[in-house]
Each structure stands twice: as structure tokens, then as C-alpha cells.
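The chain contents come next:
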Amino acid sequence: MRIDIITILPELMKSPFEASIIKRAQEKNQVEIHFHTPRDFTNNVHKTIDDKPYGGMAGMVMMPEPLSLLIESLLEKRSYDKIIYLTPDGEPLKQKRANSLSLCQNLMLICGHYKGIDQRIRDLYVNLEISIGDYVLTGGELAACVLVDTIVRLIPGVIGNETSALTDSFQDGLLAPPIYTRPEVFKGLEVPKVLLSGNFEKIEAWNFQMSQQRTQERRPDLLDEFD
Ligand code: 6GU
């Protein structure tokens, strides 16, 4: 997979991709992540990329020309499965969407800053808008990091233990069960006996029951979608 990220703040985004699983995925050429800045596509000496909004609202808007030139320079080189704009008014990010995006070859991510990008860039180029939750970030960059992380870990071969990504919370519509490692007793608290039993059928039934119970307690809204 190739991911092209348009941002004026690449330095804000680089470190999450320079550690752990996402780093290894790049080293193994399972994913390439490239950063591009609209500042390189301005034609004024100050490299201005934002301007006041029409209508007199507060804040600044990213101008369409530099973004358009950058997007078109990328489109000249390859086609994209999706051109994604990260925005709080986008589709709420869910595991199902991450699963389908993990099967794509080329993704373009556009991070807005200030009040966002000129609507015409969205109208002309963007075909998917994603939000990572009902709260406001200072820009799309951190949301793009979240999106990339959730997609890349799903690319086949990226997570060593193949079953691991499939047993995550949400992957089957339920929250994950509690997990334990050594020691068997910690500060007086015991690991549930069933997990020590070696009986995998029983363990699986217990995990499922705990998943259901946790979901019922914490996220009953998820049970409506689960069958
Ligand atoms: Cl994608 N962008 C911004 N700026 N804020 C957000 C968001 C995105 N998702 C939730 N809040």
C-alpha cells in the first residue's frame, strides 16, 4: 500500500510511524508513507496557504490553488482508491471502514488546518470524509495518524500473529475480554481459573461471555448492531 499525506505539519505526524508495528511495516515494504506540503505549490514569496473566509467568519481557510496543484501532481503519477479528507463533519471512523481501506493500493489523505479547506477542494477531489470522534482537534493531522495506524495494522502480514488483529475489540462487534499474564496471583488478585485449565473450548466460551458482558455494561449501543 502507498499512502500520500497532504499536510502543512509533517513534523507533527512523523513519530507515530517511526516506532513499533508501523515502522516495521515500512521496513518490510508493506506500506510506503509519503508527506507533501501545499507550501511547495504556492507562487508567492511568503508561501501563504491560507486566507480569510468569505462571509466574515473568524479563522482562516486553506486556499484552493496550492492544494489543487499538489493533488493534481499526485494524480498525474497514479490513481487513488480513495482521496480522504479528515474532518470533524466526516463519517465516524469504524472498524468496518478500516477493514475495507486496508485492502486499497493507493490512498491520499488531506489534513486541513485552521478552519479547514476551501469547500471546492472537497467537491472536486475528495471522495471520502472521515472523523475520528465527536470532539474538535486543532487539525486533521492527529486524526490522520489514527486512521493510518488502524489501516496499516490490518494489511495482511503486518501483525505477526495473524489471528491477533481479528480478535481485537470491535473486530467482531464486541469489546475484548479481560486478559492476564504471569504471575497467577498479583497483589492478592487471581487469574480466572478457567484460563489456567488448558480447555480451549471452555476458554473460548468464557472469553465470549466476558466480551458480551463487557459490551453490555460499557457499550450497549454496539449490541444493537451485533447478531
Ligand atoms: Cl478528522 N479533524 C479535526 N480537526 N477534528 C476532529 C477530527 C478530524 N475528528 C474528530 N475531531
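Just above, that's the structure.
Residues numbered from 1 in each chain as written. Predicted model: local features only at pLDDT ≥ 70, side-chain atom pairs only at ≥ 80, totals over all residues. Heavy atoms only, no water.

Student: What should I look at first to understand the overall build of the protein chain in this one?
Tutor: On a plain count of helices and strands, the protein chain comes out with nine helices and nine strands. Along the three orthogonal principal directions, the C-alpha set of the protein chain runs to about 70 × 40 × 35 Å. For the protein chain, with 227 residues in total, the buried portion stands at 43%. Long-range pairs, those at least 24 residues apart, make up 76% of the contacts in the protein chain between residues at least 6 apart in sequence. Accessible area for the protein chain stands at about 13,800 Å²; split by element, carbon and sulfur atoms hold 53% of it. In the protein chain, 25 positive and 32 negative side-chain charges are present, and the distance between their average locations comes to 4 Å. (Helix = DSSP H or I, 4+ residues; strand = E, 2+ residues; numbered from the N terminus. Buried < 20%, exposed > 50% of the residue type's maximum accessible area, 1.4 Å probe, protein only. Contact = heavy atoms within 4.5 Å. Areas by Shrake-Rupley, 256 points an atom, 1.4 Å probe, with all protein chains shown as cover. Lys, Arg positive; Asp, Glu negative; His and termini not counted. Charge placed at Lys NZ, Arg CZ, Asp CG, Glu CD.)

Student: Looking at this model, I keep getting lost on the site of the ligand. Mind explaining?
Tutor: Residues in contact with the ligand, as listed here, are Leu 86, Thr 87, Pro 88, Ile 130, Ser 131, Ile 132, Gly 133, Tyr 135, Leu 137, Gly 139, Gly 140 and Ala 143. Here a nitrogen atom of the ligand sits 3.1 Å away from a polar atom, N or O, in the main chain of Leu 137. In the complex, 96% of the free accessible area of the ligand, which totals 290 Å², lies under the protein chains. Within the residue set of the shell around the ligand, elements represented by two or more residues are β5 (82-92) and β7 (128-131). (Near = heavy atom within 4 Å. Polar contact = N/O pair within 3.5 Å; in protein donor to acceptor, adjacent residues only side chain to side chain.)

Student: I'm lost on unusual backbone geometry in this one. Help?
Tutor: For the bond from Arg 182 to Pro 183, the omega torsion is 5 degrees, close enough to zero to count as cis. In this structure, Pro 183 sits in the loop between α7 (162-166) and β8 (185-186). Unusually for a residue other than glycine, Asn 29 sits at a positive phi of about 60 degrees. Along the chain, Asn 29 falls in the loop between α2 (20-27) and β2 (32-36). The phi dihedral of Lys 187 is positive, around 50 degrees, even though this residue is not glycine.

Student: Just checking my understanding: could you explain the nonpolar core for this structure?
Tutor: Soluble globular proteins tend to bury their nonpolar side chains together. In terms of nonpolar packing, the biggest core is built from 28 residues, with Ile 5, Ile 84, Leu 101, Leu 109, Leu 147 and Val 152 touching the most fellow members. Here this core takes seven residues from helix α6 (residues 141-152), the largest share from any one element. If we skip the residues at most four places from it in the chain, Ile 84 touches Leu 101, Leu 107, Met 108, Leu 109, Ile 110, Leu 128, Ile 130 and Leu 147. Residues Ile 6, Leu 67, Leu 74 and Ile 110 belong to the second largest nonpolar core, which totals 17 residues. (Core = buried A, V, L, I, M, F, W, Y, C linked by side-chain atoms within 4.5 Å.)

Student: Which parts of the structure should I look at to understand the pattern of salt bridges?
Tutor: Close approach of charged atoms allows side chains of opposite charge to pair. Per the counting criterion, the structure on display carries nine salt bridges. Where Glu 190 meets Lys 193, a salt bridge forms, and the shortest distance between an N and an O atom there is 3.1 Å. The exposure class assigned to Lys 193 is exposed, which follows from its relative accessible area of 58%. Put simply, Arg 219 and Asp 221 hold a salt bridge, and the shortest N to O gap is 2.9 Å. A relative accessible area of 31% places Arg 219 in the partly exposed class. We classify Asp 221 as partly exposed; its relative accessible area is 37%. One network of salt bridges, with partners in common, ties together Arg 2, Asp 4, Glu 32 and Arg 78. (Salt bridge = Lys/Arg side-chain N within 4 Å of Asp/Glu carboxyl O.)

Student: Please explain the side chain of Gln 95 as it appears in this structure.
Tutor: Among the structural elements, Gln 95 can be located in helix α4 (residues 95-101). Exposure remark for Gln 95: the relative accessible area of 16% places this residue in the buried category. With residues near it in sequence (within four places) discarded, Gln 95 still touches Thr 150, Leu 154, Phe 170 and Gln 171.

Student: Before we go on, may I ask you to explain a nonpolar patch on the surface in this structure?
Tutor: Judged by side-chain polarity, Leu 12, Tyr 135, Leu 137 and Leu 142 come together as a nonpolar surface patch covering roughly 350 Å² of accessible area. Tracing the sequence through the fold places Leu 12 in helix α1 (residues 10-13). (Patch = residues over 30% accessible without salt bridge, like charges linked within 9 Å, V, L, I, M, F, W, Y side chains within 5 Å.)

Student: When you look at the side chain of His 113 in this model, what are you seeing that I'm missing?
Tutor: Along the polypeptide, His 113 turns up in the loop between β6 (106-111) and α5 (119-124). Only 3.0 Å separates the side chain of His 113 from the side chain of Glu 141, close enough to count as a polar contact. His 113 has contacts with Ile 8, Leu 9, Met 62, Thr 138, Gly 139 and Glu 141, leaving out every residue within four places of it along the chain.

Student: Would you mind going over the environment of Ser 79 with me for this structure?
Tutor: Within the element layout of this structure, Ser 79 appears in the loop between α3 (64-77) and β5. Linking Ser 79 and Leu 107, residues 28 residues apart in sequence, is a C-alpha distance of 8.9 Å.

No statement about biological role is implied by the geometric values presented.
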